[in-house]
Amino acid sequence: ETVARGVRNTAGGDVDPRSGRFWFTENARDLMGDDMPADKLNMIAKEGAEYGFPFCHQGDTPDPKFAGGRKCGEFTPPVANIGAHVAPLGMKFYTGAQFPADYRNSIFIAEHGSWNRSVYSGGRIVRIVATADGKFEKEEVFAAGFLQLPRTYVGRPVDILQDKVGALLVSDDYAGAIYRISYKK
């Protein structure tokens, strides 16, 4: 059974508790420059959807070498472009009650960070707010400090889980650590 096509490198995914739809992160291709193309957050709205790789990137940029006459409008656009080379890996819908109510159903994404930009990007946890039907509302940095510019990592987030009391657990393969992020009023 094929659920999606045209996906380059997806490492994280989760089911939206509101809709039952599967959402996933996607690492875009390299060698198009420091700021192109953006990595993506996608949602499967229908089985068999095509997301564009290798013909189209970030929903609006034909590949300079592989587009082959294909148009970006032929493919399912991303819910959000989340930055070039940030390397989104794990992601989790927040379903806990420990954080403030507006965090419920937010998407937390572990950005492992770039390796080939002149100034590194990523190396943080971002929070994305989107509707259950895939309408992007906002992105904000939730946890940072893993990257010291221009090119020094002190940590590299990989995955996110939620514990039974609603705190977030973040794995870091650079520091060999798991961080627990909790909320106190």
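Look a little higher up for the structure.
Treat the numbers as computed from the prediction; the structure is a model and nothing was measured.

*Asks:* Please set out unusual backbone geometry residue by residue, giving values where relevant.
*Replies:* Of note, the bond from Met 36 into Pro 37 is cis; its omega dihedral lies within 30 degrees of zero at -20°. Relative to the helices and strands, Pro 37 resides in the loop between β3 (22-26) and β4 (38-43). Residue Pro 54 is bonded to the preceding Phe 53 through a cis peptide linkage, with omega at 5°. Along the chain, the position of Pro 54 falls in the loop between β5 (49-50) and β6 (56-57).

*Asks:* Can you break down the environment of Asp 159 residue by residue, with the values?
*Replies:* Looking at the element boundaries, Asp 159 is found in strand β15 (residues 157-162). Using a relative accessible area of 34% as the deciding quantity, one classes Asp 159 as partly exposed. C-alpha of Asp 159 to C-alpha of Ile 125: the two residues are 34 residues apart in sequence and 9.6 Å apart in space. Here Asp 159 is in contact with Gly 90, Met 91, Ala 110, Leu 169, Val 170 and Ser 171, once residues within four sequence places are set aside.

*Asks:* Outline the pairing of β4, listing residues and values.
*Replies:* With six of six residues buried, β4 lies mostly within the body of the structure. Bridging between β4 and strand β8 (residues 80-84) involves three bridges; their strand directions are antiparallel. Residue Lys 40 lies in a different strand from β8, and its bridge partner there is Asn 81.

*Asks:* Tell me about the sheet that holds strand β2 (residues 13-15), and name the residues and values.
*Replies:* Strand pairing in a sheet is mediated by backbone hydrogen bonds. Such pairs are either parallel or antiparallel. Taken in spatial order, the four strands line up as β2-β3-β4-β8 in an open sheet, and their pairing is antiparallel. Edge strands, defined here as strands with exactly one partner in the open sheet, are β2 and β8. Direction aside, neighbouring strands of the sheet carry axes that sit 15° apart on average. Of the pairings in the sheet, the one linking β3 to β4 comprises four bridges and is antiparallel in character. Bridge pairing links Glu 26 to Lys 40 in β4.

*Asks:* Account for the pattern of salt bridges, with residues named and values stated.
*Replies:* Tallying each qualifying case throughout the model produces 13 salt bridges. Residue Lys 92 is joined to Asp 14 by a salt bridge in which the shortest nitrogen-to-oxygen separation is 3.7 Å. A residue pair is termed long-range when its members are at least 10 positions apart, and Lys 92 in strand β9 (residues 88-93) and Asp 14 in strand β2 qualify at 78 residues. The exposure class assigned to Lys 92 is partly exposed, which follows from its relative accessible area of 22%. Residue Asp 14 is classed as buried on the basis of its relative accessible area of 14%. Between Asp 35 and Arg 117 there is a salt bridge; the shortest N-O distance is 2.6 Å. Linking Asp 35 in the loop between β3 and β4 with Arg 117 in the loop between β10 (107-111) and β11 (124-130), this pair joins segments that are 82 residues apart in sequence. By relative accessible area, which is 56% here, Asp 35 ends up exposed. In this structure Arg 117 comes out as buried when scored by relative accessible area, which is 12%. By sharing partners, the salt bridges in this structure join Asp 102, Arg 127, Lys 138 and Glu 140 into a single network.

Reading the values: rules and limits
- Residues numbered from 1 in each chain as written.
- Predicted model: local features only at pLDDT ≥ 70, side-chain atom pairs only at ≥ 80, totals over all residues.
- Heavy atoms only, no water.
- Helix = DSSP H or I, 4+ residues; strand = E, 2+ residues; numbered from the N terminus.
- Buried < 20%, exposed > 50% of the residue type's maximum accessible area, 1.4 Å probe, protein only.
- Contact = heavy atoms within 4.5 Å.
- Pairing = 2+ DSSP bridges.
- Axes fitted to C-alpha atoms, helices over the stretch in contact; angles between N-to-C directions.
- Salt bridge = Lys/Arg side-chain N within 4 Å of Asp/Glu carboxyl O.

Coordinates in, geometry out; function isn't part of it.
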